[in-house]
Amino acid sequence: MSETPQARPSEGAFGAPPGAPQWSPQQPAHPPQVQQQQAYPPPPQGYPQPGPPAYQQGYAGYAPPTAPFATSALVLLVVSVIAVLATGIIGIPSAVIAVLAWRLNARDLAASRKRTTTGWIVLAVNFAIAIPLLIWFYTWALSNR
């Protein structure tokens, strides 16, 4: 004769004090209205709604990240233009490469830096080849007067 243990008159089921809500394994742990409650209330009208980043929605207080300024490409362009003005021919190829590197900077930073390095090498090779030729040409022109 085994009887199920009964709660004492001073305690509720499972040792809870009298008057406390009774819990059974068939009932959910929390009432349904607590489980369906949202973690945060929806934002008031006029505030940004959850979704894509604010800069994609045109939010005025945030600008998307930009590429760093291509200082080396700008200096290469200036030096190349000065070389073109001074000699007439030396800086043309490196000036073209500098403009291409500067335009490429916004899309591909690594390729822009590589192209700028190539432009500096082209300028150095032009100086190494063209300066002796220009010196020879001017001496030849002055001697044949």
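Residues numbered from 1 in each chain as written. Predicted model: local features only at pLDDT ≥ 70, side-chain atom pairs only at ≥ 80, totals over all residues. Heavy atoms only, no water.

Enquirer: How should I be thinking about the overall build of the chain in this particular structure?
Expert: Looking only at helices and strands, the chain features five helices and zero strands. Secondary structure elements of the chain occur, N-terminal to C-terminal, as α-α-α-α-α. When the accessible area of the chain is evaluated, it comes to approximately 11,800 Å², of which 65% is carbon and sulfur surface. (Helix = DSSP H or I, 4+ residues; strand = E, 2+ residues; numbered from the N terminus. Areas by Shrake-Rupley, 256 points an atom, 1.4 Å probe, with all protein chains shown as cover.)

Enquirer: Help me understand the nonpolar core, please; the structure alone is not making it clear to me.
Expert: Judged by nonpolar contacts, Leu76, Leu77, Ala83, Ile90, Ala95, Ala98, Leu123, Ala130 and Leu134 together constitute the single largest core of nine residues. Contact partners of Leu123, with chain neighbours within four places excluded, come to Leu76, Val79, Ser80, Ile90, Gly91 and Ser94. (Core = buried A, V, L, I, M, F, W, Y, C linked by side-chain atoms within 4.5 Å. Buried < 20%, exposed > 50% of the residue type's maximum accessible area, 1.4 Å probe, protein only. Contact = heavy atoms within 4.5 Å.)

Enquirer: Looking at this model, I keep getting lost on the packing of helix H3 (residues 71–87) against helix H5 (residues 109–143). Mind explaining?
Expert: To characterise two packed helices, one gives the angle between the axes of the helices and the distance between these axes. Packing of H3 against H5 brings their axes to within 10 Å, and their N-to-C directions diverge by 20°. Put simply, H3 runs roughly parallel to H5. As H3 runs across H5, the sense of the crossing is left-handed. Contact residues: Ser72, Ala73, Val75, Leu76, Val79, Ser80, Ala83 and Thr87 in H3; Thr116, Gly119, Trp120, Leu123, Phe127 and Leu134 in H5. (Axes fitted to C-alpha atoms, helices over the stretch in contact; angles between N-to-C directions. Parallel < 35°, antiparallel > 145°, perpendicular 65-115°, else oblique. Left-handed = near helix turned anticlockwise from the far one by under 90°.)

Enquirer: Even after reading the chapter, I still don't get the packing of aromatic side chains, so can you show me in this structure?
Expert: The geometry of an aromatic ring pair comes down to the distance between the two centres and the angle between the two planes. For the coordinates displayed, the defined rule picks out four aromatic pairs. Centroid distance Trp136 to Trp140: 6.2 Å. Interplanar angle 15°. Geometry classified as stacked. Residue Trp136 and its partner Trp140 are located together in helix H5, separated by four residues, close to a single helical turn. A residue is classified by how much of its surface remains accessible, and Trp136, at 54% relative accessible area, is exposed. When the ring of Phe137 is compared with that of Trp140, the centres are 6.2 Å apart and the planes differ by 35°; the resulting orientation is tilted. (Phe/Tyr/Trp six-rings, centres within 6.5 Å; stacked < 30°, edge-to-face > 60°.)

Enquirer: What should I look at first to understand helix H4 (residues 92–104) in this one?
Expert: Residues spaced three or four apart along an α-helix point in a common direction, a consequence of the helix completing one turn every 3.6 residues. Its 13 residues give H4 an end-to-end C-alpha distance of 19 Å, which sits within 8% of 18 Å, the value for a rise of 1.5 Å per residue. Along H4, the positions that sit buried rather than exposed are Ser94, Ala95, Ile97, Ala98, Ala101 and Leu104. The elements touched by buried residues of H4 are H3 and H5. (Expected span 1.5 Å × (residues − 1).)

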